[in-house]
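# Coordinates in review
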Amino acid sequence: MKGRVRWTLGATAALTLGFLASLVPPRAEARSATPQGDEIPHTVQAGDTLEGLARSYLAAPHQWPLLQARNKVANPRRLQPGSVVWIPVHLQPSEPATVEFVHGMATGQARADAAPEPLVKGGRLDEGAVVQVGPDAFVAVKLADGTVVRVQAHSELQLRQLRRRGRAGSLQSVLEMRSGAVESSVPPSAEAFRRFELRTPLAVTSVRGTHFSVAMGDAGQTTASVQSGSVAVQPRPDGATAAPAPTGAMLAPGQGLAVAADGTVGAPRPLLAAPDTSGVPATLGDAGLLAIDVPALPGAVRYEAQVARDPDFTQVLRHGRFADGHLRWKALEDGKYYLSVRALDDAGIPGLPAVLPFAIKTRPVAPLYQQPAPGAVVVSGTGELLCTHVPGARWYRVQVAGSAQFAQPLLDAQRLGECRLPLGALPAGSYFWRVASLLELPDGQADQGPFAPPQPFMVADRPATLSLQSVQAQEGDTDVRLHWPALPGQRFRLQLAGAGDLAFDKLVLDTLLDAPEWRAGNLPAGSYLVRIQVQDSTGLQSDFSPPRQIRVGSGVSTGTGLPVSTSNGQPVGRP
């Protein structure tokens, strides 16, 4: 998609995109009925004078001779009621816009011969300024009447016209979209001459309602859809200011259509329903990626989604189009956010949006599972659950339940000093376990991070044939294994460093893994730090996870099973 525009209008707004003059039938006085460029038609009422019109429209009564020359009026004090006087918009006072929000790299260019400058919150944008928004960036611009224009990543938008009808009248705004995507919210207004126009090469959309969208496709087609109110769509001939052709269609709420590259307006069709977001968790805990999944919607070809800080989507931080309902972005900081997702049909027409609040809570990170392996069997009475240490964590919480939903945990150890839980007399059977880290706040309270995804295991009675020799072969804890959850198609980069090397400057190991598991192998005895990076099938890479600590035993133990150490406490290595 090359560009998309969504307008949110108040129920009393009277706006036109592309052709304002069509709202007022031209009734000419002499030869002045044809508009020249950007002009406002005024139907003369009894008592009107050019000086009065100059005061009303231009806030400058002394400019009435300009109106006289433009409209070829012989007597400025005697205007014919019912005739039309054209008001050139460029004579009206200009109103600057303000940068409301900036995320990422974005610039503003005041004039064609001026150098682009970085945009900052609260900055001023005058008429004619060009806004350029880079990759993974977003800008919100506020116009003088309260309209908020949201400029998406990879976009270029010119504020071609920012004028006001007189000193306190309605705003006359014209935006020229050159690339990318734009969304706008226009507050309600009873002003009959209020104008808000977006110019695109192909179609003219006249607003008769409140909430709709317009999109430009790669092949030159244009799509329009209406959520509430009604919208008239007409093909637009050559030229940025040309009048629209008379043929077109009217869209009712819940309808959309496509305009072909040759200007043919398609028939209205129902919009796709909003995607089902009932399965999206209220809190997401993945520190590597922002991953949200919605089920497939019948008739959907693609999906479009945004993540913002506010419910009005003025502060958008993530935006994307996806081939399916697997929505993936670079991770965000912990906090509260809003998701908007909608499906696109085979014509590229966006459907109704589903808007959902959610939270991100990733700190402190959950430990990694060490043992047992997923689905492994532990011995009843002597088995234990073991996971990695998380630097900075004060406690660990380990839960065991009979189902992955953890509706009624059977074990819930909430403040463990080590990430280790003996299973004790847990009966033989199938179970799930999950773990979380906790920080200690200044007031002594605990701040718990997210649980790691549940992992299955089984408890079984000790086999009667278990020999003493085979039990001794397990001693020494030299074989360390790690497991973690993963999505299909993901790969992983695992790095290992010494216990004190938090910056991972001197790597002991740096390896790529095709499966979400790793075995320590023949590492020397001692403590290590491990961190993992997710490499998604789409090519997106996460940041490295916070480090976890593992310990590799020496394999040398006493007769009671305890490790053998030197006088200074170091484990005795294998021969």
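Up top you'll find the structure we're talking about.
Quick summary incoming for the structure in this document.

For the rest of this paragraph, the subject is the packing of aromatic side chains. Aromatic ring pairs: the centre-centre distance and the angle between the two ring planes describe each pair. Under the criterion given, the structure shown has six aromatic pairs. Judged by centre distance (4.6 Å) and plane angle (65 degrees), the ring pair of Tyr369 and Trp433 falls under edge-to-face. Separated by 64 residues along the polypeptide, Tyr369 in strand S29 (residues 369-371) and Trp433 in strand S35 (residues 429-440) bring together distant segments of the chain. Accessibility expressed as a relative area gives 1% for Tyr369, which makes it buried. The exposure class assigned to Trp433 is buried, which follows from its relative accessible area of 0%. Note on Trp484 and Phe492: the rings are 5.5 Å apart at their centroids and 80 degrees apart in plane angle, and the pair reads as edge-to-face. Overall, the relative accessible area of 8% leaves Trp484 in the buried class.

At a closest axis distance of 8 Å, the pairing of helix H1 (residues 50-58) and helix H2 (residues 64-71) adopts a crossing angle of 110 degrees. Relative to H2, H1 is oriented roughly perpendicular. Across the interface between the two elements, Leu50, Glu51, Leu53, Ala54 and Leu58 of H1 pack against Trp64, Leu67 and Gln68 of H2. When grouped by side-chain class, the residues that make up the contact of H1 with H2 number six nonpolar, one polar and one charged.

A word on the sheet that holds strand S6 (residues 117-118). Pairing within the open sheet is mixed, and its six strands lie in the order S6-S5-S8-S11-S12-S14. Each of the sheet's edge strands pairs with one partner strand only, and the pair in question is S6 and strand S14 (195-199).

With that settled, consider the sheet that holds strand S43 (residues 548-552). In space, the four strands of this open sheet follow the order S40-S39-S42-S43, with antiparallel pairing throughout. Only two strands of the sheet have a single partner each, and these edge strands are strand S40 (507-513) and S43. Looking at each pair of strands side by side, their axes are set apart by 25 degrees on average, direction ignored.

Structurally, Asp501 is set in the loop between strand S39 (491-498) and S40. No salt bridge is formed by the buried Asp501. Its closest oppositely charged neighbour is Lys506, at 7.5 Å. The contacts of Asp501, once residues within four sequence positions are left out, are Lys506 and Leu529.

Moving on to the state of the cysteines. All chains considered together, the criterion is met by one disulfide. Across the disulfide, Cys387 is cross-linked to Cys419 (sulfur-sulfur distance 1.7 Å). Judged by the torsion about the S-S bond (-85 degrees), the Cys387/Cys419 disulfide is left-handed. Of the two residues, Cys387 is situated in strand S31 (residues 384-387) and Cys419 in the loop between strand S33 (411-416) and strand S34 (420-422); the sequence distance between them amounts to 32 residues. By the burial criterion, Cys387 is buried, and Cys419 matches it.

With that out of the way, let us pick up the environment of Gly128. In this structure, Gly128 sits in the loop between strand S7 (124-125) and strand S8 (130-133). Overall, the relative accessible area of 22% leaves Gly128 in the partly exposed class. Measuring from C-alpha to C-alpha, the distance between Gly128 and Glu176 comes to 9.8 Å, with 48 residues separating the pair along the chain.

Our next topic: the pairing of S35. Summarising the sheet, strand S32 (residues 395-401) and S35 pair through seven bridges and their orientation is antiparallel. Each residue of the ladder has a partner; that of Gln399, found in S35, is Arg434. Here five bridges tie S35 to strand S37 (residues 455-460), and the two strands are oriented antiparallel to one another. Pairing of Tyr431 across the sheet is with Phe457, part of S37. Relative to strand S36 (residues 446-448), S35 is paired through three bridges, and the arrangement is antiparallel. Among the inter-strand pairings, Leu439 is bridged to a residue of S36, identified as Asp447.

Moving on, we get to H2. Considered for burial, the residues of H2 that qualify are Leu67, Arg70 and Asn71. The buried side chains of H2 occupy one side of the element, clustering within an arc of 80 degrees when seen end-on.

All right, on to the pattern of salt bridges then. Applying the stated criterion across every chain, the model contains 19 salt bridges. As a salt-bridge pair, Glu156 and Arg178 come within 2.8 Å of each other at their nearest N and O atoms. With a gap of 22 residues between them, Glu156 in strand S11 (residues 155-164) and Arg178 in strand S12 (residues 171-179) connect regions that are remote in the sequence. The buried category is assigned to Glu156, whose relative accessible area is 19%. Accessibility expressed as a relative area gives 44% for Arg178, which makes it partly exposed. Between Glu304 and Arg342 there is a salt bridge, with the nearest N and O atoms lying 3.0 Å from each other. A residue pair is termed long-range when its members are at least 10 positions apart, and Glu304 in strand S24 (residues 302-308) and Arg342 in strand S27 (residues 335-344) qualify at 38 residues. Considered together, Glu304 and Arg342 belong to a single accessibility category, that of buried residues.

Every α-helix winds through 3.6 residues per turn, so residues three or four apart in the chain are directed the same way. Taken together, the buried positions of H1 are occupied by Leu50, Leu53, Ala54, Tyr57 and Leu58. For H1, the buried positions fall inside an angular range of 105 degrees around the axis, keeping them on one side. Those residues of H1 hidden inside the fold are in contact with strand S2 (39-43), H2, strand S3 (84-88) and S11.

About the criteria used
Residues numbered from 1 in each chain as written. Predicted model: local features only at pLDDT ≥ 70, side-chain atom pairs only at ≥ 80, totals over all residues. Heavy atoms only, no water. Phe/Tyr/Trp six-rings, centres within 6.5 Å; stacked < 30°, edge-to-face > 60°. Helix = DSSP H or I, 4+ residues; strand = E, 2+ residues; numbered from the N terminus. Buried < 20%, exposed > 50% of the residue type's maximum accessible area, 1.4 Å probe, protein only. Axes fitted to C-alpha atoms, helices over the stretch in contact; angles between N-to-C directions. Parallel < 35°, antiparallel > 145°, perpendicular 65-115°, else oblique. Contact = heavy atoms within 4.5 Å. Nonpolar A, V, L, I, M, F, W, Y, C, P; charged D, E, K, R; others polar. Pairing = 2+ DSSP bridges. Lys, Arg positive; Asp, Glu negative; His and termini not counted. Salt bridge = Lys/Arg side-chain N within 4 Å of Asp/Glu carboxyl O. Disulfide = S-S within 2.5 Å. Arc of directions from axis to C-beta.

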